[in-house]
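Here are the chains, one letter per residue:
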Amino acid sequence: MPELPEVETTRRGIEPHVVGRRISRLLVHERRLRWPVDLALVDAVMGATIRRAGRRAKYLLIETGSGTLILHLGMSGSLRVLPTSTPRIAHDHIDIELDSGQTLRFNDPRRFGSLFFTSGDPTLHPLLKSLAPEPLEADFDGEYLWRGTRRRAVAIKQLIMNAKLVVGVGNIYASEALFRARVRPRRQSKSLTRAECIKLARAIKATLTMAVKVGGTTLRDYVGADGNPGYFRQKLYVYERHGEPCRVCGKAIRQFTQGARSTYWCSNCQK
Ligand SMILES: [Zn+2]
């Protein structure tokens, strides 16, 4: 499932190919995505020039002179930039054809992705207007986390994955950030000290930043023929390393199920 770093990697990958380009045609081959695609958006963006490729949480915002396309990759979606003449393969649902002779092609086998259009401010769209702060922006920091954890009895791992507190911290990144901050995933949120909140906020930023950076190194592959996003698995401290030695202390990494998701941690390094 594409998490925030993969979506940001996608944004950076498509940006140089789409900004300044005119949309010559938008084809919806399959409108039954998570929500049916409103075909009125086809005419709304026809001939419009793309000004910016933005992102809010896991939504890609393709801003044009006429309004903004709001695209979510869902569970299994990917975007590729291809020559427009490239034959479609299975699950290629949407083509955004550009005046460069290239096409931004959306593929989504499970069809949990979505595409909306708004002529207004995209941050006021119902999907976006109530979103919590971005983890990589300045308004998410140790003080914000400290305030958000007071009086919260829920385990800290589950709290940092709650999109009402901060968006885009998925399962991989939550385990990794807690390891980096040396905080046990099962700790009650309110038991964290201010210093631990500061460390954890920094660890969340560092983990996501590194994931974006590593994703960036495989961008060429991403926008090329195979469409596979790059992950940073070889750099992981704990995620899916159950039984393997901790990279810091050598003790075996442990795993348990928390909120129906697997959590990985080191019982020696994390307090
Ligand atoms: Zn350890």
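Overview of the structure. (Residues numbered from 1 in each chain as written. Predicted model: local features only at pLDDT ≥ 70, side-chain atom pairs only at ≥ 80, totals over all residues. Heavy atoms only, no water.)

**What to know about the overall build of the protein chain**
The following threshold applies: Only DSSP runs of H or I reaching four residues or more are called helices, and only runs of E reaching two or more are called strands; each is numbered from the N terminus. Within these notes, the globule rule equals 2.2 Å times the number of residues to the 0.38 power, and the radius of gyration is based on C-alpha atoms. To sort residues, take the accessible area from a 1.4 Å probe on protein chains only and compare it with the maximum for the residue type: under 20% means buried, over 50% means exposed, and anything in between is partly exposed. Between two residues, a contact is recorded if the distance between any of their heavy atoms is within 4.5 Å. When charges are counted, Lys and Arg contribute as positive and Asp and Glu as negative, whereas His and the chain ends are disregarded. Every charge is mapped onto a representative atom, which is NZ of Lys, CZ of Arg, CG of Asp or CD of Glu.
When you go through the protein chain residue by residue, the secondary structure sums to seven helices and ten strands. Taken over C-alpha atoms, the radius of gyration comes to 20 Å for the protein chain, in line with the 18 Å a tight globule of 271 residues would show. The principal-axis extents of the C-alpha atoms in the protein chain amount to approximately 55 × 35 × 30 Å. Expressed as a percentage of its 271 residues, the buried residues of the protein chain come to 51%. At a minimum sequence separation of 6, the contacts of the protein chain that also span at least 24 residues come to 64%. Distance between charge centres in the protein chain, computed from 45 positive and 25 negative side chains, equals 9 Å.

**A word on unusual backbone geometry**
Although it is not a glycine, Glu240 sits at a positive phi angle of roughly 55°. Here Glu240 shows up in the loop between α7 (219-223) and β9 (254-258).

**Some words on the environment of Ala155**
Within the secondary structure layout, Ala155 lies in the loop between α3 (142-149) and α4 (156-160). Each C-alpha atom, one on Ala155 and one on Lys190, is 8.9 Å from the other, the two residues being 35 residues apart in sequence. When residues no more than four places from it in sequence are discounted, the contact partners of Ala155 are Pro185, Arg186, Arg187, Ser189 and Gln258.

**Some remarks on the pattern of salt bridges**
Test applied: Salt bridges are counted wherever a side-chain nitrogen of Lys or Arg sits within 4 Å of a carboxyl oxygen of Asp or Glu.
What the rule picks out here adds up to 16 salt bridges. Put simply, Arg55 and Glu8 hold a salt bridge, and the shortest N to O gap is 2.7 Å. In this pair, Arg55 sits in strand β2 (residues 50-56) while Glu8 sits in helix α1 (residues 4-18), placing the two residues 47 residues apart along the sequence. One exposure class covers both Arg55 and Glu8, and it is buried. Across the salt bridge formed by Glu196 and Arg187, the nearest N and O atoms sit 2.6 Å from each other. Here Glu196 falls in the buried class, since its relative accessible area comes to 16%. If you follow the salt bridges from partner to partner, you end up with Glu8, Arg11, Arg12, Glu15, Arg55, Arg56 and Glu134 in one network.

**What to know about a positive patch on the surface**
Going by this rule: Excluding any residue in a salt bridge, patches collect residues exceeding 30% relative accessible area, merging like charges within 9 Å and nonpolar Val, Leu, Ile, Met, Phe, Trp and Tyr side chains within 5 Å. Residue-level accessible areas treat just the shown protein chains as cover; the underlying method is Shrake-Rupley with a 1.4 Å probe.
Together, Arg184, Arg186, Lys251, Arg254 and Lys271 give the surface a local cluster of positive charge. Structurally, the position occupied by Arg254 is in strand β9. Residue classification places Arg254 among the partly exposed positions, given a relative accessible area of 42%.

**What about a nonpolar patch on the surface?**
Taken together, the side chains of Met1, Met75 and Phe112 define a hydrophobic patch exposed on the protein surface, amounting to about 290 Å² of accessible area. Mapped onto the secondary structure, Phe112 falls in the loop between β7 (102-107) and β8 (114-118).

**Let's talk about the sheet that holds strand β5 (residues 78-83)**
Rules: The criterion for strand pairing is that DSSP finds at least two bridges linking the strands in question. The axes are straight lines fitted to the C-alpha atoms, using for helices just the contacting stretch, and the angles between their N-to-C directions are given from 0 to 180°.
Sheet architecture is open: four strands sit in the order β1-β6-β7-β5, paired in antiparallel fashion. Only two strands of the sheet have a single partner each, and these edge strands are β1 (23-28) and β5. Ignoring which end each strand starts from, the neighbouring axes of this sheet average 20° apart. When β5 meets β7, the two strands line up antiparallel, connected through six bridges. When the bridges of β7 are listed, Pro83 appears paired with Gln102. Along the sheet, α1 makes contact with β5, β6 (92-98) and β7, crossing β5 at roughly 30°.

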